[in-house]
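Letter by letter, the chains look like this.
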Amino acid sequence: MYHFKVNPVLQRCVINCIAVVLLVACLLPTQSNAFGKGAQGPDVFALQGMMKSLGFYAGSIDGKYGAQSEQGVKIFQRKYGLPITGAVDSKTLESILWAYAQLKVAKDNIQTVPSKPPASSALNSDELLLLKLVNQERVSRKLALLTIDVQLSNVAEAKSRDMADNQYFSHQSPTYGSPFEMMKQFGITYRTAGENIACNQTVEAAHKALMESTGHRENILGTQFTHIGIGIVNGGQCGKMLTQQFIGK
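Anyway, here's the lowdown on the structure attached to this text.

Reading the values: the criteria
- Position numbers for residues count from 1 along each chain, tracking the sequence in the order it is written.
- Whole-chain, interface and lining totals are the exception, using all residues; otherwise, since this is a predicted model, local features are given only for residues with pLDDT of at least 70 and side-chain atom pairs are given and counted only at 80 or more.
- Note: side-chain values were computed over all heavy atoms of the structure, leaving out hydrogens and water.
- Secondary structure counts use DSSP, requiring at least four H or I residues in a row for a helix and at least two E residues in a row for a strand, with both numbered from the N terminus.
- Think of it in three bands: with a 1.4 Å probe and only protein chains considered, a residue is buried below 20% of the maximum accessible area for its type, exposed above 50%, and partly exposed in between.
- We call two residues in contact when some of their heavy atoms are within 4.5 Å.
- Whenever Lys or Arg places a side-chain nitrogen within 4 Å of a carboxyl oxygen from Asp or Glu, that contact is recorded as a salt bridge.
- For this analysis, a ring pair means two rings from Phe, Tyr or Trp (six-membered ring only for Trp) whose centres lie within 6.5 Å, classed as stacked if their planes differ by under 30 degrees, edge-to-face if by over 60, and tilted for the remaining angles.
- Disulfides are defined as cysteine sulfur pairs within 2.5 Å.
- Should DSSP find at least two bridges between two strands, the strands are taken to pair.
- Only the stretch in contact is used when a helix axis is fitted, and all axes are lines through C-alpha atoms; the angle between N-to-C directions ranges over 0 to 180 degrees.

1. Some remarks on the overall build of the chain
- The number of helices and strands found in the chain is nine helices and four strands.
- Helices and strands in the chain line up, N terminus first, as α-α-α-α-α-β-α-α-β-α-α-β-β.
- Residues classed as buried in the chain amount to 45% of the 249 residues present.
- Of the contacts formed within the chain by residues at least 6 apart in sequence, a portion of 62% connects residues at least 24 apart.

Spelled out as structure tokens, the structure:
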């Protein structure tokens, strides 16, 4: 008789995959019964729970597909290169389930390797670099580090994308309004808030320009802020559109 020891991380991954397969079987809609704004029920309830875990939904999990659910799905669709409809068709749901499964596996791995920084996992390489540069400035002045906020980063990315797509450079968005109106639309709550935007060819050059501007530097070093959202997209007039959004909780 042979005995073997099951790797606990692999075991959790298998369990998560089985759970996702079961969830797909229960929730996967066809094109004819895709759901969107106005829908209610257990499918919406499950969707909201997954979207909240992924950082794309900040509302209450009530099983009602309202404006916040629709907006969160639109951000998800944009981030994953899907048609931006705000409705959950089969392809969107498959992508949400896949992302949720990856998140669950990542959390299990984090428990095994505590040194891995989970908060930064949703950022791309440019965004991670800008986060590093911002916190280096704060550390050099003995200020508290800013914590990355995934939901706020989704808002910042939407602002950068909006500027690139609509060829403008302003804190006032023709799509979302002011930064504070935009945060409210996306369900962000805060005590204090601010925004920096930049347009440049590289992250390093953009950061240098922000630090050389009094108002932007004050946001980066502000002690009233505790969290930051960073969104960087390729495009626009300069090569890269960068948005930093700051909140104090």
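2. Overview of the pattern of salt bridges
- For the structure on display, the rule yields six salt bridges.
- In this structure, lysine 249 engages aspartate 149 in a salt bridge whose closest nitrogen and oxygen atoms are separated by 3.1 Å. Placement of the pair is lysine 249 in the segment after β4 (239–248) and aspartate 149 in the loop between β1 (147–148) and α6 (150–166), with a sequence separation of 100 residues.
- Since its relative accessible area comes to 48%, lysine 249 is described here as partly exposed.
- Residue aspartate 149 is classed as buried on the basis of its relative accessible area, which comes to 11%.

3. Concerning the packing of aromatic side chains
- Counted under the stated rule, the structure contains five aromatic pairs.
- Judged by centre distance (5.3 Å) and plane angle (80 degrees), the rings of phenylalanine 56 and phenylalanine 76 are edge-to-face. You can see phenylalanine 56 sitting in the loop between α2 (42–54) and α3 (67–79) and its partner phenylalanine 76 sitting in helix α3, a full 20 residues away along the chain. As far as the burial class goes, phenylalanine 56 and phenylalanine 76 line up, both buried.
- An angle of 25 degrees between the planes, with centres 4.3 Å apart, marks the rings of phenylalanine 76 and tyrosine 80 as stacked.
- Assessed through its relative accessible area of 35%, tyrosine 80 is described here as partly exposed.
- Put simply, the rings of Phe56, Phe76 and Tyr80 pair up and form one aromatic cluster.

4. Here we look at the state of the cysteines
- All chains considered together, the criterion is met by one disulfide.
- Note on cysteine connectivity: cysteine 199 is disulfide-linked to cysteine 238, with sulfurs 2.0 Å apart. Torsion about the S-S bond of the cysteine 199 and cysteine 238 cystine: about 110 degrees, corresponding to right-handed handedness. On the criterion of sequence distance, the pair formed by cysteine 199 in strand β2 (residues 192–200) and cysteine 238 in the loop between β3 (227–235) and β4 is long-range, its members being 39 residues apart.
- A relative accessible area of 18% means that cysteine 199 is categorised as buried.

5. Description of the sheet that holds β4
- Taken in spatial order, the four strands of this open sheet run β1-β3-β4-β2, and their pairing is mixed. The open sheet terminates on both sides in strands that have one partner only, identified here as β1 and β2.
- Note: β2 against β4, nine bridges, orientation antiparallel. Of the residues in β4, the one forming a bridge with cysteine 199 is methionine 241.
- In the packing of helix α5 (residues 125–140) onto the sheet, the strands contacted are β1, β3 and β4, and the crossing angle to β3 comes to about 135 degrees.
- In the packing of helix α8 (residues 203–211) onto the sheet, contacts are made with β2, β3 and β4, and the angle to β2 comes to roughly 125 degrees.

6. Some words on unusual backbone geometry
- The phi torsion at lysine 142 lies on the positive side, around 60 degrees, for a residue other than glycine.
- Tracing the chain through its elements places lysine 142 in the loop between α5 and β1.
- The class for lysine 142 is exposed, based on a relative accessible area of 79%.
- Positive phi outside glycine occurs at glutamine 167, with the angle close to 55 degrees.
- Assignment of secondary structure puts glutamine 167 in the loop between α6 and α7 (179–185).
- A residue is classified by how much of its surface remains accessible, and glutamine 167, at 48% relative accessible area, is partly exposed.

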